[in-house]
Amino acid sequence: MEKRIGTITILITDRSQSAEINSLVSDFADIVLCRQGLPFRDRAVAVISLIVEGTPDRINALTGRLGRLPGLTCKAVLAS
């Protein structure tokens, strides 16, 4: 399967999930090219942006596992 480039955006409202998020991102380190995080402490939300390169199956696997965690929303966008 052909590799594609994309982004995964994670909006976190429950910061107690941070350890699990970090663990999942580490598990998929082979497809993560860049990670940027921005906490909005005054709004009790944090945003993590990942730039990824991998097969759609691998990218969707990460997005799906993240999306099953409570207290966050996760979306992926892939270049065609």
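Just so it is clear, the model here is predicted, and its values are computed rather than measured.

A. Just the overall build of the protein, in detail. Counting its regular elements, the protein contains two helices and four strands. Along the chain direction, N to C, the helices and strands of the protein fall in the order β-α-β-β-α-β. Scaling as 2.2 N^0.38, a compact globule of 80 residues should have a C-alpha radius of gyration of about 12 Å, and the protein matches this with 12 Å. Seen through its C-alpha atoms, the protein measures out along the principal axes to roughly 40 × 20 × 15 Å. In the protein, buried positions account for 31% of the 80 residues. Contacts spanning at least 24 positions in sequence make up 69% of the contacts within the protein whose residues lie at least 6 apart. As displayed, the protein offers around 4900 Å² of accessible surface, 52% of which is attributable to carbon and sulfur atoms. Across the protein, the centroid of the 10 positively charged side chains sits 4 Å from that of the 8 negatively charged ones.

B. Focus on the environment of serine 18. Checked against the element boundaries, serine 18 lands in helix H1 (residues 18-27). At 2.8 Å, the side chain of serine 18 forms a polar contact with the backbone oxygen of arginine 15.

C. Just the sheet that holds strand E3 (residues 45-54), in detail. Here we have four strands laid out as an open sheet, ordered E2-E3-E1-E4, and antiparallel in their pairing. At either margin of the open sheet sits one strand with a lone partner, and together these are strand E2 (32-40) and strand E4 (72-78). Across the sheet, the mean angle separating the axes of adjacent strands is 15 degrees when strand polarity is ignored. Note that strand E1 (residues 4-12) and E4 share seven bridges and pair antiparallel. Directly across from isoleucine 8, in E4, lies its bridge partner alanine 76. Where helix H2 (residues 56-67) meets the sheet, its contacts fall on E1, E3 and E4, and the angle it forms with E4 comes to roughly 165 degrees.

About the thresholds
Residues numbered from 1 in each chain as written. Predicted model: local features only at pLDDT ≥ 70, side-chain atom pairs only at ≥ 80, totals over all residues. Heavy atoms only, no water. Helix = DSSP H or I, 4+ residues; strand = E, 2+ residues; numbered from the N terminus. Rg over C-alpha atoms; globule rule 2.2 N^0.38 Å. Buried < 20%, exposed > 50% of the residue type's maximum accessible area, 1.4 Å probe, protein only. Contact = heavy atoms within 4.5 Å. Areas by Shrake-Rupley, 256 points an atom, 1.4 Å probe, with all protein chains shown as cover. Lys, Arg positive; Asp, Glu negative; His and termini not counted. Charge placed at Lys NZ, Arg CZ, Asp CG, Glu CD. Polar contact = N/O pair within 3.5 Å; in protein donor to acceptor, adjacent residues only side chain to side chain. Pairing = 2+ DSSP bridges. Axes fitted to C-alpha atoms, helices over the stretch in contact; angles between N-to-C directions.

So, to be careful, I would describe these as geometric facts and stop short of saying anything about function.
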